[in-house]
Amino acid sequence: MQITYREAAEFLRNNDNYYILTHGTPDGDTIGSGFGLCGILRKMGKKANVYCSDPLPRRYDFMYEGYEELPFEPKAIVAVDVADPKLLGQKLSVYKDKVDLCIDHHISNTGYAARTLVEPDAAAACQVIYRLLSEEKLTEPDTHIARCLYTGIATDTGCFRFDSTSPETHIAAAELMRYDIEAGKINRRMFEQKSKARLAVEQYILGNIEYYFEDRCAVAAVTLEEMAATGLPADEFEGLASLTTLLETVEVGVIIRQKEEHKFKVSMRSAGDTDVSELCRRFGGGGHVKAAGCTFETTLEDAKKQVLEALSELFT
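Criteria and thresholds
Along every chain, residues carry numbers that run from 1 in the direction the sequence is written. Only residues with pLDDT of at least 70 are given local features in this predicted model, and only at 80 or more are side-chain atom pairs given and counted; all residues enter the totals for whole chains, interfaces and linings. Only hydrogens and water are set aside when side-chain values are computed; all heavy atoms of the structure are taken into account. Under the DSSP-based scheme used, a helix requires at least four consecutive residues in state H or I and a strand at least two consecutive residues in state E, with every element numbered from the N terminus. Radius of gyration here is computed from C-alpha atoms only, and the compact-globule reference equals 2.2 Å multiplied by the residue count raised to the power 0.38. Should any heavy atoms of two residues lie within 4.5 Å, those residues are considered in contact. Charge convention: Lys and Arg are scored as positive, Asp and Glu as negative, and His as well as the terminal groups of each chain are ignored. For the purpose of locating charges, the reference atoms are NZ of Lys, CZ of Arg, CG of Asp and CD of Glu. Any two strands are treated as partners once DSSP identifies two or more bridges connecting them. Think of each axis as a best-fit line through the C-alpha atoms, taken over the contacting stretch in the case of a helix, with angles from 0 to 180 degrees between the N-to-C directions. Burial classification: accessible surface area is computed with a 1.4 Å probe over protein chains only, and a residue below 20% of its type maximum counts as buried, one above 50% as exposed, and the rest as partly exposed. What the arc covers is the set of directions going from the helix axis to the C-beta atoms. Aromatic contacts are taken between Phe, Tyr and Trp rings whose centres are within 6.5 Å, Trp giving its six-membered ring; a plane angle under 30 degrees counts as stacked, one over 60 as edge-to-face, and the others as tilted. As used in this structure description, the phrase polar contact means that two N or O atoms lie within 3.5 Å; if the pair is within protein, one of them must be able to donate a hydrogen and the other to accept it, and residues adjacent in sequence are counted only when both atoms belong to side chains.

Draft legend 1. The overall build of the protein chain, seen in detail. In terms of regular secondary structure, the protein chain is built from eleven helices and eleven strands. Since a compact globule built from 316 residues should have a radius of gyration of about 20 Å, the 19 Å found for the protein chain is in line with a globular shape. Of the contacts formed within the protein chain by residues at least 6 apart in sequence, a portion of 66% connects residues at least 24 apart. Here the protein chain holds 36 positive side-chain charges and 50 negative ones, and the gap between their average locations is 4 Å.

Here is the structure:
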């Protein structure tokens with residue numbers, strides 16, 4: 001059931017003992033939403049914890065550093081930036097039918113929660129939470145809350161470069177910057193600073209991109225063996241999909257990353273007018289018009305073949 005900001009605020013005020021669920025393979029928006037909302041609820045005098053099926057990437061440690069899990073039994077389950085319960089991952093799958101409130105910005109949200117606050121025009125789930133916080137006056141933000149929400153907005157907009165960035169997005173970011181969040185440091189860490197191993201991975205991806213349909217589509221793949229050779233933890237492979245759209249003629253970029261022996265995560269990026277969310281929905285996935293994903297349980301060759309067959313309808 002889709003609810004209003006007022007109804008979402010009433011739910012948060014009237015309940016306690018919150019488990020906040022983020023999606024697997026966590027990114028800046030789901031982590032920022034999780035720990036930002038946790039900070040809001042704890043400041044409201046509530047008990048709240050954040051959970052994720054996968055390890056949290058080290059590059060986001062400034063959002064969860066010092067965080068301590070509180071001992072309590074959950075009475076309310078909230079999912080943030082989770083469009084489909086399948087995205088919760090194996091460890092949190094026990095809650096897939098128990099979500100009381102979902103706060104999200106994906107147009108592909110399946111409406112699985114008892115209450116859903118979805119704003120598809122928002123650039124990030126953190127932008128939705130900021131509006132909820134500010135319009136409904138849940139509490140006064142502090143530096144940590146503002147830093148979390150700003151990071152989610154910055155990362156999901158590619159440092160405010162993506163088409164999803166609206167005047168409201170910039171206003172939210174500007175207001176959050178009033179809380180001494182050191183936005184410059186956040187953006188340098190998110191978009192500029194990389195380890196030697198990460199640079200090597202990017203160099204490998206750029207050197208192994210395959211181009212199709214007269215260079216309008218770019219596809220790259222990375223296997224478990226190749227990831228292990230870098231020495232990087234799996235969580236450091238986030239954000240590689242953007243590399244596939246660097247060539248000026250590319251309209252759709254695809255990266256296929258192996259998760260398990262016969263499981264591959266496909267991330268698509270649109271640099272033109274193609275709705276990659278619609279493409280990914282064909283394979284049980286979804287996301288945004290310009291950025292979406294899906295999962296295949298097959299071989300790498302077959303996953304690539306299915307993706308290219310779907311894309312061929314657009315480019316031939």
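Next comes the rest of the account.
Draft legend 2. Seen up close, the sheet that holds strand 4 (residues 101-104). Spatially, five strands are ordered 2-1-3-4-5 in an open sheet, and the strand pairing comes out parallel. The open sheet has two edge strands, strand 2 (48-51) and strand 5 (115-118), and neither has a second partner. Strand-to-strand twist across the sheet, computed as the mean angle between neighbouring axes with direction ignored, equals 20°. Bridge count between strand 3 (residues 76-80) and strand 4: three bridges; the pairing is parallel. Within strand 4, the residue paired with valine 78 across the bridge is leucine 101.

Draft legend 3. View of helix 1 (residues 5-14). Buried within helix 1 we find Tyr5, Ala8, Ala9, Phe11 and Leu12. Projected down its long axis, helix 1 carries its buried residues within an arc of 160°, all on one side.

Draft legend 4. Seen up close, the sheet that holds strand 11 (residues 291-296). If you trace the six strands from one edge of the open sheet to the other, you get 6-7-8-9-11-10, paired in mixed fashion. Either end of the sheet is taken by a strand with one partner, and the two such strands are strand 6 (210-212) and strand 10 (286-287). As paired elements, strand 6 and strand 7 (residues 217-222) share three bridges and run antiparallel to each other. In the sheet register, tyrosine 212 faces strand 7, and the bridge partner there is cysteine 217. The strands that helix 11 (residues 300-315) touches are strand 6, strand 7, strand 8 (252-260), strand 9 (263-270) and strand 11; relative to strand 8, the one it contacts most, it runs at about 160°.

Draft legend 5. Layout of unusual backbone geometry. Positive phi, normally seen in glycine, also occurs at threonine 25, with a value near 45°. Look at threonine 25 and you get partly exposed, because its relative accessible area is 25%. Of note, the phi angle at aspartate 215 is positive, near 65°, even though the residue is not glycine. Structurally, aspartate 215 is set in the loop between strand 6 and strand 7. On the accessibility criterion, aspartate 215 (36% relative accessible area) is partly exposed.

Draft legend 6. View of the packing of aromatic side chains. Applying the stated rule across the entire model yields ten aromatic pairs. Note on tyrosine 19 and tyrosine 51: the rings are 4.6 Å apart at their centroids and 55° apart in plane angle, and the pair reads as tilted. One end of the pair, tyrosine 19, is in strand 1 (residues 18-21); the other, tyrosine 51, is in strand 2, with 32 residues separating them in the sequence. Ring centres 6.3 Å apart and planes at 45° place the aromatic pair tyrosine 212 and phenylalanine 213 in the tilted group. An aromatic cluster of three or more residues is present, and its members are Tyr19, Tyr51, Phe72 and Tyr95.

Draft legend 7. Representation of the environment of leucine 247. Here leucine 247 shows up in the loop between helix 9 (224-230) and strand 8. Take leucine 247: its relative accessible area is 33%, and that puts it in the partly exposed class. Taking the C-alpha atoms as reference points, leucine 247 and arginine 42, separated by 205 residues in sequence, lie 46 Å from one another.

Draft legend 8. Spotlight on the side chain of threonine 274. One can find threonine 274 in the loop between strand 9 and helix 10 (276-281). Beyond its immediate chain neighbours, meaning those up to four positions away, threonine 274 contacts Val252, Leu279, Val289 and Leu314.

Draft legend 9. How the structure looks around the environment of aspartate 275. Structurally, aspartate 275 is set in the loop between strand 9 and helix 10. Along the sequence, aspartate 275 and arginine 198 sit 77 residues apart, while their C-alpha atoms lie 29 Å from each other. Ignoring anything within four residues of it in the chain, the contact list for aspartate 275 reads Arg281, His288 and Val289. In terms of polar contacts, aspartate 275 uses its side chain to reach the backbone amide nitrogen of serine 277, at 3.0 Å.

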